[in-house]
Amino acid sequence: MPSFRFGRVTDVLLERPGLQRVLVDLEDTDDPQRAYNLTGLTGRVRVGDGVVCNTTAVELGLGTGGWHVVHWNLTTGPENVTGGGHIMKLRYTSLQLDTGAAEEHHQLLRQSLDGIPVVACSLHSQVGVIAATIADVRPGTRTAYVMTDGAALPIVISDLVVDLTDRGLLAGTVTTGHSFGGTHEAVNVLSGLLTAAELLGAEVIIVGMGPGVVGTGTRFATTALEVADLVHAIVSLGGRAVAAVRVSSADQRPRHRGVSHHTTTALGLVRPGTPFVVPVPDPTYGDVELPDFGPSASVMPVAVPDVDELLRTTGLRITTMGREPAEDPAFFQFAAAAGVAAATMVQ
């Protein structure tokens, strides 16, 4: 069961389309608590408004999801917002919303990706490094981000996506499945990829979940395994699949040290005969030992830029599990390798 508590909004810290970050005085707490409000679901809140907050994530001590979430505005009540069509997301919940979908508003003529390189990610932080690297290697490339529903569902909570879009590093976004709030909505990943190609004119597509990969510490119980299905989808649509390798030189958990088990397990599930590229820095960073990525994998060594300098120049601050590039250089080097490979594969 979720946990809910009453409170009152004391400050609005940030506001942008679809999202407010606020401070709330919750009952039985001494200090104001951080919460975010999804205005497309609950309407805007103002200082002084009484609210009900879902406090479950904070009580569980979660990381990315460790904010309270405004569930209801007791002062103003709900706001009726016209939706985008008859396609519902968060279906059969009390928060279901009529987002509509690109497929019901546009006749998607494309039936193939026609060789467009598509980078499949298992962590949201990889998206920013890859997008920045693509722009560095091939300036002017139209890069789109397709977000799955493997982690966060509202794309508006991603500060990274906002930063990438504001800097022109993303041409647009597509939210698929039950994720919502992108430039375009799509019913599933396959139609989302085609939507990115057709409606956003993408020359490169990055696909992966939003903030907050779900994991249990066991081999198969993680949403990162969606990478195998992403590779299958990309290849089935005639795209060129690029697998971003999750690597860490700083993670204290053995399963994520070096090449993460998320990567090796997911790529090990790719069906034989489904070709995909695995970019790695050349020379391979530090003492990272590369495993066998499977019979369909083509390891692609590439020269990568100085990621720390690239992000400073671009004005991006990207962290992975709270770590900056200097604290976990291998992660950023391998993510950048995926960006270099995708940029050089543009036809």
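Structure shown above.
What counts, and where the lines are drawn
- Residues take numbers from 1 onward in each chain, read along the sequence in its written order.
- Local features are withheld for residues below a pLDDT of 70 in this predicted model, meaning they are given only at 70 or higher, and side-chain atom pairs are given and counted only at 80 or more; totals for whole chains, interfaces and linings count all residues.
- As a convention, hydrogens and water are excluded, and side-chain values are obtained from all of the structure's heavy atoms.
- The numbering of helices and of strands both runs from the N terminus, where a helix is a DSSP run of H or I of at least 4 residues and a strand a run of E of at least 2.
- With a 1.4 Å probe rolled over the protein chains alone, any residue whose accessible area is under 20% of its type maximum counts as buried; one over 50% counts as exposed, and the rest are partly exposed.
- For helices, the fitted axis covers only the stretch in contact; all axes are lines through C-alpha atoms, and the angles between them, taken along N-to-C directions, range from 0 to 180 degrees.
- The cut-offs work like this: below 35 degrees is roughly parallel, past 145 is roughly antiparallel, 65 to 115 is roughly perpendicular, and the gaps in between are oblique.
- For any pair of crossing helices, the crossing counts as left-handed if the nearer helix is rotated counterclockwise from the farther one by less than a right angle, and right-handed if it is rotated clockwise.
- Only heavy atoms matter for contacts: two residues are in contact if any of them lie within 4.5 Å across the pair.
- The classification used treats Ala, Val, Leu, Ile, Met, Phe, Trp, Tyr, Cys and Pro as nonpolar, Asp, Glu, Lys and Arg as charged, and all other residues, Gly among them, as polar.
- Throughout this description, the term salt bridge denotes a Lys or Arg side-chain nitrogen within 4 Å of a carboxyl oxygen of Asp or Glu.
- In this scheme, strands are said to pair when DSSP sees at least two bridges between them.
- When the centres of two rings from Phe, Tyr and Trp lie within 6.5 Å, Trp using its six-membered ring, the rings pair. Their planes under 30 degrees apart give stacked, over 60 give edge-to-face, and anything left gives tilted.
- Geometrically, a charge over a ring is one whose NZ (Lys) or CZ (Arg) sits within 6 Å of the ring centre while staying within 35 degrees of the ring normal.

A.B. asks: What is the right way to read unusual backbone geometry from this model?
C.D. replies: Note: most residues except glycine have negative phi, and most peptide bonds are trans. D282 connects to P283 through a cis peptide bond whose omega is 5°. Here P283 lies in the loop between β16 (276-281) and β17 (297-302). Phi is positive for L90, close to 55°, though the residue is something other than glycine. Considering the arrangement of structural elements, one finds L90 in the loop between β6 (88-89) and β7 (97-98). Among the residues examined, L90 registers a relative accessible area of 14% and is labelled buried. The backbone of M321 sits at a positive phi, close to 55°, despite the residue not being glycine. Mapped onto the elements, M321 comes out in the loop between α9 (307-314) and α10 (329-344). For M321, a relative accessible area of 44% gives the class partly exposed.

A.B. asks: So what exactly am I meant to see when it comes to the packing of helix α6 (residues 189-199) against helix α7 (residues 226-236) here?
C.D. replies: Helix packing geometry: the angle between the two helix axes and the distance between the axes. As a packed pair, α6 and α7 sit with axes 10 Å apart at the nearest point and diverge in direction by 55°. As the angle between them shows, α6 and α7 are arranged oblique. Note on packing geometry: the crossing formed by α6 with α7 is right-handed. Residue-level contacts link V189, L190 and L193 of α6 to L230, A233, I234 and S236 of α7. Classifying every residue of the contact of α6 with α7 gives 6 nonpolar, 1 polar and no charged.

A.B. asks: Help me out: how do you make sense of the pattern of salt bridges in this one?
C.D. replies: Side chains that differ in charge, positive against negative, can pair when their charged atoms come close. Across all of its chains, the model carries 11 salt bridges by this definition. For the salt bridge of D159 with R21, the shortest nitrogen-to-oxygen distance reads 3.7 Å. Of this pair, D159 sits in helix α5 (residues 159-166) while R21 is found in strand β2 (residues 19-26), placing the two residues 138 residues apart along the sequence. For D159, a relative accessible area of 37% puts it in the partly exposed group. Here E203 makes a salt bridge to R138, at a shortest N to O gap of 3.3 Å.

A.B. asks: Would you mind showing me how to read the pairing of β2 here?
C.D. replies: Regular strands have side chains that alternate between both faces of the sheet. Most of β2 sits inside the fold, with 6 of its 8 residues counted as buried. As judged from the 8 bridges shared by strand β1 (residues 4-16) and β2, these two strands associate in the antiparallel manner. Pairing of R16 across the sheet is with L19, part of β2. Where β1 hands over to β2, the hairpin turn is made up of 2 residues, of which G18 adopts a positive phi near 95°. Linking β2 back to strand β3 (residues 33-38) in an antiparallel pair, the connection comprises 6 residues, with D28 at a positive phi of about 65°.

A.B. asks: How do you make sense of the environment of L230 when you look at a structure like this?
C.D. replies: Here L230 shows up in helix α7. For L230, a relative accessible area of 4% corresponds to the buried category. For the pair L230 and G18, spaced 212 residues apart in sequence, the C-alpha separation works out to 27 Å. L230 has contacts with A120, C121, T148, V189, V207 and G208, leaving out every residue within four places of it along the chain.

A.B. asks: Just to check I follow, could you spell out the packing of aromatic side chains for this structure?
C.D. replies: Any aromatic ring pair is given by two values, namely how distant the centres are and how the planes are angled relative to each other. Applying the stated rule across the entire model yields 1 aromatic pair. Ring geometry for F331 versus F332: centroids 5.3 Å apart, planes at 80°, classification edge-to-face. Here the two residues F331 and F332 agree in accessibility, since each one is buried. The ring of W67 has R21 sitting right over it, with the charged end atom 4.6 Å from the ring centre.

A.B. asks: When you look at the sheet that holds strand β9 (residues 143-147) in this model, what are you seeing that I'm missing?
C.D. replies: Hydrogen bonds between backbone groups are what pair the strands of a sheet, and the pairing can be parallel or antiparallel. Read across the sheet, 8 strands follow the order β11-β10-β9-β12-β8-β13-β16-β17 without closing on themselves; strand pairing throughout is parallel. Two strands in the sheet have a free side with no partner beyond their single neighbour: β11 (184-185) and β17. Bridging between strand β10 (residues 172-175) and β11 involves 2 bridges; their strand directions are parallel. Across the sheet, residue T175 finds its bridge partner in β11, namely E185. Of the strands in this sheet, β8 (117-120), β12 (204-208), β13 (240-243), β16 and β17 touch α10, which is tilted by about 125° from β16.

Treat this as a map of the structure, not an account of what it does.
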